[in-house]
Amino acid sequence: MDQDAGAGLLNPYAQSKIGNDTIFSWWARYQNAIENGADAVNGTIGALLEDDGSLAINAVVDEAIRAAPPVEIAAYAPLKGMPGYLDLAKTLALGDYRQELEEIGLSMTATATPGGSGALFLAASNFANRGEKVVLRDRHWGPYKGFLSGCNLEPETYPLLPKNPSIEHPYVDIEGLKSSLERLCSVQDKVMIWLNDPAHNPTGLSLTAAGRAAVLDAVMESASRHENVGHTLLIDAAYHLYAEEPHGWGQTILDAMNDGWPWTENLLITFAISLSKSHTIYGLRTGALVSIHPDSAVTEKIATVMGVTGRQTWSAAPRVAQFSVSQLHASSDGGAAWSAERDRLQELLVERRNHFVESCEKLKVPVNPTHDGFFAWLEHEDPNRIAEACAEQEVYLVPLTGGVRIGLCAIPLEKIPRVAQALSNALK
Ligand SMILES: Cc1ncc(COP(=O)(O)O)c(C=O)c1O
């Protein structure tokens, strides 16, 4: 492709956007292999597939959407979202801990967004100062960089895992996080941290309760020491409803409050919620940004700012899933039926992950710690070589910065040992 095409029409930032997303190009290679008759394994895509390769669909959600009256499909939603849905979004973020958090005086606001991506966009565009940095772990979902750079922001990264893991919280590099916070607090008056937890993409890592408490403590401590620096901790909860502890963050926040933790004015906690995976409605683009703070004037202002930003970007988020999913969860029967389906889908992931971890252990494949969600990860300095060597064995994975992503969500259970074997051969 001519790199300079349209240079006189596109602005310099637009010209810097280059296509050919790695994940989709490796998926295309898998599809080519299938078309050519190969017995290929698909570990590329980020959608949950049944063992027969079809898209896994939560039948209860599908039924609820199909039962929506025509007007709920055709009409706009209110700009900030439908009230019932905004209420549900808070519960999806915090689970059973929500009520107690409200009772002890925390204020909450939610804005409906087109997927979790919309929530990330709202946060990038409103909580950080243009031209500054946002704290990420060094292994993160690729599109983060695009959301940030579109708002003229850059990542400031710290390692995914500590060099010398503590027994108490082995899955988070607290020292790395603290030094990033310290560095940014000395040069910025707003610091935002994005943390995809639990069920991290691309590794499947989930923090333990002690890990979450240590993160919250580090952020809170930084906020109290730098009272003129706004701190926003964003929990990207794109996969949380498939995790062993889906509402661990709600519990961690509640525990901290009950321990007498002083929530300073300059601290905000916000959740990017996505219904794409949890309700298997990837294409209906439904999510929310849920923000919590002790001062209701702050959450009200945030509601206005996010609503206006949405209006100026995508107008209102789609209506039909807001309507149908909030109706579904409004009755205890509906909620239970959704849970039963979710449990079945979660079980697919649990079985595949357990089988994968065991197979890797047998073959001594040094796969990263992995707990929940759609993915597992092999850290490697030459991920392309490993992915190419696996592709030669008709196992298609995705090479990303620092390692290879194994899409357990797409791999049938019976093919899991082949993936471990391919990695083992590739590493030799
Ligand atoms: C880590 C992470 N965050 C957020 C999202 C947002 O998803 P969506 O915009 O489809 O809700 C995804 C989707 O793949 C993701 O992997």
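Refer to the structure presented above.
Notes on the structure follow. Keep in mind that this is a model prediction, so the values were computed, not measured.

**Brief notes about unusual backbone geometry**
With an omega of -5 degrees, the peptide bond running from Asp197 to Pro198 counts as cis. With respect to the helices and strands, Pro198 occurs in the loop between strand 5 (190–196) and helix 10 (209–225). A cis amide bond, omega 20 degrees, links Asn201 with the succeeding residue Pro202. Note that Pro202 resides in the loop between strand 5 and helix 10. Positive phi, close to 60 degrees, is recorded for Ala199, a residue that is not glycine. Here Ala199 is to be found in the loop between strand 5 and helix 10. A relative accessible area of 1% means that Ala199 is categorised as buried. Phi at Glu394 takes a positive value of approximately 65 degrees, unusual for a residue other than glycine.

**So, the site of the ligand**
In the region of the ligand, 14 residues are neighbours, and Gly116, Ser117, Asp236, Ser274 and Lys277 sit closest. Ser274 places a polar side-chain atom, nitrogen or oxygen, 2.6 Å from an oxygen atom of the ligand. Here an oxygen atom of the ligand sits 2.7 Å away from a polar atom, N or O, in the side chain of Lys277. In isolation the ligand offers 390 Å² of accessible surface; the protein chains occlude 91% of this area. Counting residues per element, the ones that place at least two in the shell around the ligand are helix 7 (115–127) and helix 12 (275–278). Class assignment for the residues of the shell around the ligand results in 4 nonpolar, 7 polar and 3 charged.

**A word on the environment of Ile167**
Tracing the chain through its elements places Ile167 in the loop between strand 4 (154–158) and helix 9 (174–185). Judged by its relative accessible area of 86%, Ile167 falls in the exposed class. The sequence separation of Ile167 and Ala210 amounts to 43 residues, and the corresponding C-alpha distance is 9.9 Å.

**Details of the packing of aromatic side chains**
This model, assessed by the stated rule, comprises 11 aromatic pairs. When the centroid spacing of 4.9 Å and the interplanar angle of 65 degrees are considered together, the rings of Tyr239 and Phe374 count as edge-to-face. On the criterion of sequence distance, the pair formed by Tyr239 in the loop between strand 6 (230–237) and helix 11 (248–258) and Phe374 in the loop between helix 15 (332–363) and strand 9 (376–379) is long-range, its members being 135 residues apart. Residue Tyr239 is classed as buried on the basis of its relative accessible area, which comes to 5%.

**Some points on the pattern of salt bridges**
Under the definition given, this model contains 18 salt bridges. Taking the shortest distance from any N to any O, the salt bridge between Arg29 and Glu388 comes out at 2.9 Å. Of the two residues, Arg29 is situated in helix 2 (residues 22–35) and Glu388 in helix 16 (residues 383–392); the sequence distance between them amounts to 359 residues. By relative accessible area, Arg29 is classed as partly exposed at 32%. Among the charged side chains, a network of salt bridges with common partners joins Asp39, Lys415 and Arg418.

**Some words on the sheet that holds strand 9**
By definition, the strands of a sheet pair up through backbone hydrogen bonds, in either a parallel or an antiparallel sense. Taken in spatial order, the 3 strands of this open sheet run 9-12-11, and their pairing is antiparallel. Looking at strand neighbours, the two that pair on one side only are strand 9 and strand 11 (398–400), the edges of this open sheet. Strand-to-strand twist in this sheet, taken as the mean axis angle between neighbours without regard to direction, amounts to 30 degrees.

**Focus on the pairing of strand 7 (residues 267–274)**
The two faces of a sheet get side chains in turn, since along a regular strand they alternate between them. The buried fraction of strand 7 amounts to 8 of the 8 residues, a majority that puts the element mostly inside the structure. Covered by surrounding structure in strand 7 are Leu267, Ile269, Phe271 and Ile273 together with Leu268, Thr270, Ala272 and Ser274, the residues of both alternating faces. Across 7 bridges, the pairing between strand 6 and strand 7 is parallel. Bridging across to strand 7, Ile235 finds its partner in Phe271. For the crossover that starts at strand 6, traverses helix 11 and ends in the parallel strand 7, the hand is right-handed. Here strand 7 runs beside strand 8 (residues 287–293); their pairing, made up of 6 bridges, is antiparallel. Across the sheet, the residue bridging to Ser274 is Gly287, located in strand 8.

Reading the values: rules and limits
- One numbering rule holds for all chains: residues counted from 1, following each sequence as written.
- With pLDDT at 70 or above as the cut-off, local features in this predicted model cover only qualifying residues; side-chain atom pairs require 80 or more to be listed or tallied, and sums for whole chains, interfaces and linings still use all residues.
- To obtain the side-chain values, all non-hydrogen atoms of the structure were included, while hydrogens and water were left out.
- Secondary structure follows DSSP: runs of H or I at least 4 residues long count as helices, runs of E at least 2 residues long count as strands, and numbering of each begins at the N terminus.
- Relative accessible area decides the class of each residue, using a 1.4 Å probe on protein chains only: under 20% of the type maximum gives buried, over 50% gives exposed, and in between gives partly exposed.
- In this text, near means that some heavy atom of the residue lies within 4 Å of the molecule or strand in question.
- Any pair of N or O atoms that falls within 3.5 Å is considered a polar contact. Within protein, one atom must be able to donate a hydrogen and the other to accept it, and sequence-neighbouring residues count only if both atoms are side-chain atoms.
- Accessible areas in this description were obtained via Shrake-Rupley with a 1.4 Å probe; residue shielding takes into account the shown protein chains only.
- Think of it as three bins: nonpolar holds Ala, Val, Leu, Ile, Met, Phe, Trp, Tyr, Cys and Pro, charged holds Asp, Glu, Lys and Arg, and polar takes everything else, Gly as well.
- A pair of Phe, Tyr and Trp rings is counted when the ring centres sit within 6.5 Å of each other, with Trp represented by its six-membered ring. The angle between the planes then sorts it: under 30 degrees is stacked, over 60 is edge-to-face, the rest tilted.
- For this document, the term salt bridge refers to a Lys or Arg side-chain nitrogen within 4 Å of an Asp or Glu carboxyl oxygen.
- Two strands make a pair as long as DSSP finds a minimum of two bridges between them.
- Only C-alpha atoms enter the line fits that serve as axes; for helices the fit covers just the stretch in contact. Angles between N-to-C directions range over 0 to 180 degrees.
- Call a crossover right-handed when, viewed with both strands pointing away from you, the route from the first strand across the helix to the second goes clockwise.

It is worth stressing that arrangement in space is one thing and function is another; only the former is reported here.
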